[in-house]
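# Close look at the chain arrangement
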Amino acid sequence: MGSLKKSSPREARPRQRTAVKSDSLVDTLRGWILSGKYPPGLRFPTHAALRRQFGFSVTTVQRAMDQLQQEGFLCSMSARGTFVSDKPPHLCRYGIVLQKTMNRASQSFQNFESILLMEAMRLRQRGTTDLCVYEGFESPDTIPAELESDIRVSRLAGLILTVPWIVAQSPLLPLLKGHRIPLVGIAEPGWLNAPGIPMVAPRHMALIERALDDFAARGRRHVAVLDILMQREEVLKAIKTRRLVTHPYWLQEVPESHRHAARSCMHLLMNGKDRPDALLIADDCLLEPATAGLVDGRARVPQNLDILSHCNFPYPSPSHLPVRRIGFDIRRVLSMCIEVIDACRRHERARAFSEVPVVLEHDVAG
């Protein structure tokens, strides 16, 4: 039985030198594209021209060109030659950083990060926007290896952060600044923000205020609110300002980790003598268990109880009862983030906060 031939130190050294030369050439050629010396769509120098200019071998030049094609900076058109990509990654490829690693098989509800993932996949499949997703950034020390690699070779036009406070504390921040990759966070004003990173803000209280206005316009006066984390004083003030009525036990908080408890809360709510005629479910992860509890409590919807539920459009959470939906269009959130990134790349000053508009279901395009 034959044995594999081991390379000798003398054989290994030339291959190592070739790899080093190839990496150096890749950095130089990539730099030409990043600097704008060779803009999108322009024909790139031939292999022969590069060999003459740098004095490298056919193998070294070929390896460098192959790598730049794999990274998306170059594209080969057979007999016509090699061209800079029409959509090179440093101008057209946007990244989204998620805190969790999504379990696509067993996820029982849609949280904000999973909806971002679904929308990113939809946009990539349609070919309208190149959005790549980096998952599992749970602390400053858990940097996704693929993200770090893409930053080092400038394969990003910008990064959208769902965890800006974590990125701001990680070793990635100076690396991002060194490669001049624009950042934008998705976060409410004052909520663990990262100084110097512009934010796109789906403001939760704006949603609650718009929902209360809608209830008042429809003649509903007695309002209950179910949320995962409630700004109780602000909610009470907003209700009183509109001359609506509530009670402390009509303002219920159920954390996301115990969202199934919303079923019992709503069952008890409908068993009292004093019942609301309007209910705002202010986080869509609570919608399914909450409406199950209302079914248990034999709530008459919408005759006696008008329900508005938060929604990240166009991805509604399931419900056991007819509900109207109010919230934020995830497509608008992402487009606003990309607008901020593109403005930063044009060296325009970005606003510290850009507020996402609240929309009702009938306002949302399909």
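A few points on the structure. What you are looking at is a predicted structure, and each value in this text was computed from that prediction instead of being measured.

## Looking at the sheet that holds strand S10 (residues 278-281)
Pairing is mixed in the open sheet, where six strands are placed in the order S9-S8-S10-S11-S12-S14. Of all the strands in the sheet, the pair left with one neighbour each is strand S9 (251-253) and strand S14 (359-360). Pairing geometry for strand S8 (residues 223-227) and S10, over four bridges, is parallel. Bridge pairing in S10 links Val225 to Leu280. Taken strand by strand, helix H10 (residues 232-241) contacts S8 and S9, and its axis lies near 155° from that of S9.

## Describing the sheet that holds strand S5 (residues 158-161)
If you trace the six strands from one edge of the open sheet to the other, you get S4-S3-S5-S6-S7-S13, paired in parallel fashion. Edge positions in the sheet fall to strand S4 (130-134) and strand S13 (353-355), since each of these pairs with one other strand and no more. Recorded for the sheet is a direction-independent mean angle of 25° between the axes of neighbouring strands.

## Let's talk about the pattern of salt bridges
In total, this model carries 18 salt bridges according to the counting rule given. Where Asp306 meets Arg324, a salt bridge forms, and the shortest distance between an N and an O atom there is 2.9 Å. Taken as a pair, Asp306 in strand S11 (residues 306-313) and Arg324 in strand S12 (residues 324-329) lie far apart in primary sequence, 18 residues in all. A residue is classified by how much of its surface remains accessible, and Arg324, at 21% relative accessible area, is partly exposed. Across the pair Arg346 and Glu348 runs a salt bridge whose closest N-O atoms are separated by 2.9 Å. Look at the salt bridges and you will find they share partners, linking Asp214, Arg218, Asp306 and Arg324 into a network.

Reading the values: rules and limits
Residues numbered from 1 in each chain as written. Predicted model: local features only at pLDDT ≥ 70, side-chain atom pairs only at ≥ 80, totals over all residues. Heavy atoms only, no water. Pairing = 2+ DSSP bridges. Helix = DSSP H or I, 4+ residues; strand = E, 2+ residues; numbered from the N terminus. Contact = heavy atoms within 4.5 Å. Axes fitted to C-alpha atoms, helices over the stretch in contact; angles between N-to-C directions. Salt bridge = Lys/Arg side-chain N within 4 Å of Asp/Glu carboxyl O. Buried < 20%, exposed > 50% of the residue type's maximum accessible area, 1.4 Å probe, protein only.

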